[in-house]
Amino acid sequence: MSDKEDIKNTDAAAYVLKLKETEEELRKTKEELETYTWGLEKTNEAIRHLYKELEIKNIELKKLDHLKSEFVSTVSHELRTPLSIIKEGISLIMDEVTGAVNERQRKYLSISKQNVDRLERIINDLLNISKIEAGKIEIRKRSVLIRPLVEQLVTSFEPKAKERGLYLKTDIPAGDIEICADEDKVMQVLINLVGNALKFTEKGFIEISAREKRSDVEFSVTDTGSGIAKNDIPRVFDKFRQFGRQDGPGEKGTGLGLSISKGIVEMHGGSIWVESEPGRGTRFTFTIPKYCTETFFKEHVKNGLEEALKNETKMSVIYISIVDYEAVRQKLGKERFREVVNRLEGILQKSLRRAGDVAAKDTGELIAVVTSCDKDNVQHVKKRLEVVLYDFLARENLRDAIRLQFGYATYPDEARTDDDLIKRAREK
Amino acid sequence: MAKILIVEDEKDMVQVMMERLDSYGHDVDVAFDALQAMMKLSKYKPDLVLLDISMPAGGGLQVLRNIRMNIRLFALPVIIMTGSQDEKIKEEAKKLGVAAYYIKPLDINVLKEKIAEIVKEKDAPEEA
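Right, let's walk through the structure included here. (Residues numbered from 1 in each chain as written. Chains lettered and ligands numbered in written order. Predicted model: local features only at pLDDT ≥ 70, side-chain atom pairs only at ≥ 80, totals over all residues. Heavy atoms only, no water.)

1. What about the overall build of chain A?
Moving on, step 1. Looking only at helices and strands, chain A has 10 helices and 11 strands in total.
Moving on, step 2. Residues counted as buried form 40% of the 428 residues belonging to chain A.
Moving on, step 3. Expressed as a percentage of contacts within chain A between residues at least 6 apart in sequence, the contacts between residues at least 24 apart total 71%.
Moving on, step 4. As presented, chain A carries roughly 25400 Å² of accessible surface, and 52% of it is formed by carbon and sulfur atoms. (Helix = DSSP H or I, 4+ residues; strand = E, 2+ residues; numbered from the N terminus. Buried < 20%, exposed > 50% of the residue type's maximum accessible area, 1.4 Å probe, protein only. Contact = heavy atoms within 4.5 Å. Areas by Shrake-Rupley, 256 points an atom, 1.4 Å probe, with all protein chains shown as cover.)

What follows is the structure, given as structure tokens:
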């Protein structure tokens, strides 16, 4: 063959070789692709399967939650009914509706009545504690001033303390200190602690004090009573714990008070503990986070989001603020300003009833988390709330002093996270 | 003094309540379930209804609804008694309109005063 043809042949051969190599690569790539695709399909299948499992678990959880509520309310009814019948039966006889009653009869009727009352307290506490543990207790947190709270406490216990010859004193720092709490529930804790202190103190004093810390307020109830033995201290908050301390006069306790107090304090994000020296006295201390911060609104919205997710509904957040709140606060004075904000919150909640959850900050910002509310509904709700709120302001002659600004956002259409919802509602 | 209809399924509860209300001079009638309650209400109109809305057989709340929707009975004062603290039911009852909402055990003095209040209003001269 000629040289030229030789070269052509070599080129051709190289070319064919290259082609064959490329073909081989392509084939390999195709195989890899097929393997990947197969892998992806398997993953997809697994995801679908997990989804189904999740749905089933969700249904089970909903059922369990429903059972918990039913249990608490059924038990409540089953216990309260015979209790009321017994109570009224004894009352009827004692009140001599069924005829005259002699001293001996009266004595035993009296004992029976006292114990029925004791049973009632136990049942109430038990139901309380089972609601707390089932997560079925609602706490409504808002900015609460501690001074009026403690003053109210002292006023109610002063007579009893006097009766026992005990000195009731307080040590609260001056100024407006606030906690982010459910006022009634915190009061319940304070009443429990002071009540206990009174019961177990023969002489001396009971002191209610508060200390402002960096991010919470520390409350203490100190007494000069018989104290608690070192061994008993770890079990002080257990249910049905009643100690060998001699009971003072008055009602017999249920043994659940401290357990309930612990539950309440922890629901607020605080902690509770005790220090004691037998013969010297006891101090119970608990902490409650200070004023409601940025996260306060977020918590409420988050709860609303969880509900919406659980029930697969939409929800909306309506944000209301007092324009120029600092100037308004200056003008009205702190007390009046706070009172107005509280009233606004109350009116909002009343207006929404069960359909919404309202929270307020003392910067005159209010937020309403409205369940099962979509983009169209929220406009109606907003209009309605506007009317109600301005009505209130007019009645209080504050229509000129206070201007309100309204904004709203809907999940999932306009935002999908708590932060985004708040942000959007604020901006509108 | 007043004609009272008690709607309550617990016979013992009815027994003690009747004894008590009798002693106050009231005329007391009883219905042991929702159906009986509605039958009685179709025959006469009491001055007050004491309604248990936690009856296990149910129907308590429906009695309240029926009363409020009835042209003849809609303004009838109803005092609710319940053994449970269900917020939802409480909300609905209050929305329908109740003279009082008590959780058992009832405070007999509170009930006595409330009944006296209702009787006074009933006997008050009609506003022109």
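Following the structure, the description resumes.
2. Some thoughts on helix H1 (residues 11–23) of chain B
Moving on, step 1. An ideal rise of 1.5 Å per residue puts 18 Å on 13 residues; H1 of chain B measures up with 18 Å between its terminal C-alpha atoms.
Moving on, step 2. Along H1 of chain B, the residues that are buried comprise Met 13, Val 14, Val 16, Met 17, Arg 20 and Leu 21 of chain B.
Moving on, step 3. Packed against the buried residues of H1 of chain B are helix H1 (3–94) of chain A together with strand S1 (3–7), strand S2 (27–31), strand S3 (48–52), strand S4 (78–82) and helix H5 (108–123) of chain B.
Moving on, step 4. Where H1 of chain B terminates, the next one or two residues include Gly 25 of chain B, which has phi positive at roughly 90°. (Expected span 1.5 Å × (residues − 1).)

3. Remarks on the nonpolar core
All names here are of chain A.
Moving on, step 1. Counting residues in each nonpolar core, the largest one holds 44 residues, and the members touching the most others are Ile 146, Ile 179, Val 186, Phe 219, Phe 284 and Phe 286.
Moving on, step 2. Broken down by element, the residue count for this core peaks at eight residues, all from helix H4 (residues 183–199).
Moving on, step 3. Apart from residues lying up to four places away in sequence, Phe 284 is in contact with Leu 193, Phe 219, Ser 220, Val 221, Ile 228, Val 236, Phe 237, Leu 258, Trp 273 and Val 274.
Moving on, step 4. Among the nonpolar cores identified, the runner-up in size contains 29 residues, and Leu 366, Val 378, Ile 402 and Leu 404 belong to it. (Core = buried A, V, L, I, M, F, W, Y, C linked by side-chain atoms within 4.5 Å.)

4. Observations regarding a positive patch on the surface
Moving on, step 1. Together, Lys 350, Arg 353 and Arg 384 of chain A together with Lys 95 of chain B make up a positively charged patch on the protein surface.
Moving on, step 2. Note that Arg 384 of chain A resides in helix H9 (residues 375–395).
Moving on, step 3. You can call Arg 384 of chain A partly exposed: its relative accessible area is 39%. (Patch = residues over 30% accessible without salt bridge, like charges linked within 9 Å, V, L, I, M, F, W, Y side chains within 5 Å. Salt bridge = Lys/Arg side-chain N within 4 Å of Asp/Glu carboxyl O. Lys, Arg positive; Asp, Glu negative; His and termini not counted. Charge placed at Lys NZ, Arg CZ, Asp CG, Glu CD.)

5. Re the sheet that holds strand S9 (residues 356–361) of chain A
All names here are of chain A.
Moving on, step 1. Strand order in the open sheet made by the four strands is S9-S10-S8-S11, with antiparallel pairing throughout. Edge strands, defined here as strands with exactly one partner in the open sheet, are S9 and strand S11 (404–411). Geometrically, the sheet is characterised by an average inter-axis angle of 15° between neighbouring strands, direction not taken into account.
Moving on, step 2. Where strand S8 (residues 315–322) meets strand S10 (residues 365–371), seven bridges bridge the pair, whose relative direction is antiparallel. Pairing of Tyr 319 across the sheet is with Ile 367, part of S10.
Moving on, step 3. Against the sheet, H9 makes contact with S8 and S11, and its axis sits at roughly 155° relative to S11, the strand it touches most. (Pairing = 2+ DSSP bridges. Axes fitted to C-alpha atoms, helices over the stretch in contact; angles between N-to-C directions.)

Purely geometric numbers; function is a separate question.
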